Amino acid sequence: MLQLDNIRAGYKGTEALHGVSMWVDAGTIVSVVGSNGAGKSTTVNTISRLVTTYGGRITFEGRDITGLGPAEVVDMGIIQVPEGRQLFGPLTVAENLRLGFHRQRRVKNREAAFRDKLDYIYDLFPRLKERAGQRAITLSGGEQQMVAIGRALMAEPRLLLLDEPSLGLAPLIVEKIFDVLSGLRAQGLTMLLVEQHADEALALADYGFVLSVGKVTVHGPGVELRSNAAVTSSYLGHAGAA
Ligand SMILES: Nc1ncnc2c1ncn2[C@@H]1O[C@H](COP(=O)(O)OP(=O)(O)OP(=O)(O)O)[C@@H](O)[C@H]1O
């Protein structure tokens, strides 16, 4: 579904990704793990076309999207849950979710479609239904992450990109959120998950890629990578450890 071929990308002429190749098959979860500064966020932001590409090619559903802008890839259904959630704090949960409902511009009876989608999100995250009228800024970190994922789902993604959804959350909450991601995969959703919590992310993933200093060092099925010593050393950031 998504393919990155030899991608070189970065900021103001400085390369952060030095020839990254990876792929995501439809209906799977792919995890990208690596230590701080490895290039995980740069990878998702390159797919979202928020980072300048210096070389290589990105294809999505057979179409070359390397030359497209961020709005165009969103229109194609590549939807990102950004690092740090990026919610609108003064707006309520329901209002934040409504902001995600923007791809369905030509839907007849838009309000009814919005309500249906909202019910779907509230089924996934019952906590958000209880907090529907509450301002986002007053929510716990876990609830905010649920809103961020819910808002992305409102846009009916074909590919969901998640940048460190576990950031700052307690292990139990991370487990709950990963359970929801697993349920979404069962419904057929395709996801690319970027995570520093490599063990959990690889346990969830069908396939994984390890990034180190802007390069893929190892890739393979999630379960295999979890027992690979080189992976342990990469994500801990200690060369030769484990
Ligand atoms: N906006 C930016 N401007 C310049 N350099 C940047 C920018 N964002 C990231 N970089 C650089 O690109 C490299 C990769 O960073 P990136 O944020 O992609 O790593 P990461 O694996 O997501 O790390 P983290 O887990 O800390 O977010 C780093 O060397 C970083 O300093």
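About the cut-offs
Residues numbered from 1 in each chain as written. Predicted model: local features only at pLDDT ≥ 70, side-chain atom pairs only at ≥ 80, totals over all residues. pLDDT = per-residue confidence, 0-100. Contact = placed C-beta atoms within 7 Å. Helix = DSSP H or I, 4+ residues; strand = E, 2+ residues; numbered from the N terminus. Buried ≥ 20, exposed ≤ 12 C-beta atoms within 10 Å, placed from the backbone. Pairing = 2+ DSSP bridges. Axes fitted to C-alpha atoms, helices over the stretch in contact; angles between N-to-C directions.

Asks: Just checking my understanding: could you explain the confidence of the model for the protein for this structure?
Replies: Detailed reading of the predicted coordinates is not advisable wherever pLDDT is low. With 95% of its residues at a pLDDT of at least 70, the protein reaches an overall mean of 90. A low-confidence stretch, residues 236-242 stays under pLDDT 50, and its non-local contacts, those more than four residues away or across chains, total 11 contacts. Both scores are available for the predicted complex, with the pTM at 0.91 and the ipTM at 0.94.

Asks: I tried to follow unusual backbone geometry on my own but got confused; where do I start?
Replies: What you tend to see is this: most non-glycine residues have negative phi, and most peptide bonds are trans. Although it is not a glycine, K12 sits at a positive phi angle of roughly 50°. Here K12 is to be found in the loop between β1 (2-11) and β2 (14-24). K12 gets classed as exposed once you count the C-beta atoms within 10 Å, which come to 5. Although it is not a glycine, V213 sits at a positive phi angle of roughly 45°. Relative to the assigned elements, V213 resides in the loop between β9 (207-212) and β10 (215-221).

Asks: How should I be thinking about the sheet that holds β1 in this particular structure?
Replies: Two pairing modes exist for strands in a sheet, parallel and antiparallel, and in both the strands are linked by backbone hydrogen bonds. Reading across from one edge, β2-β1-β4-β5 is the order of the 4 strands in this open sheet, with antiparallel pairing throughout. Every other strand in the sheet has two partners, leaving β2 and β5 (63-64) as the edge strands with one partner each. Here strand β4 (residues 52-60) pairs with β5 via 2 bridges, running antiparallel. Of the residues in β5, the one forming a bridge with F60 is R63. Strands β1, β2 and β4 of the sheet are contacted by helix α1 (residues 40-47), whose axis makes an angle of about 70° with β2.

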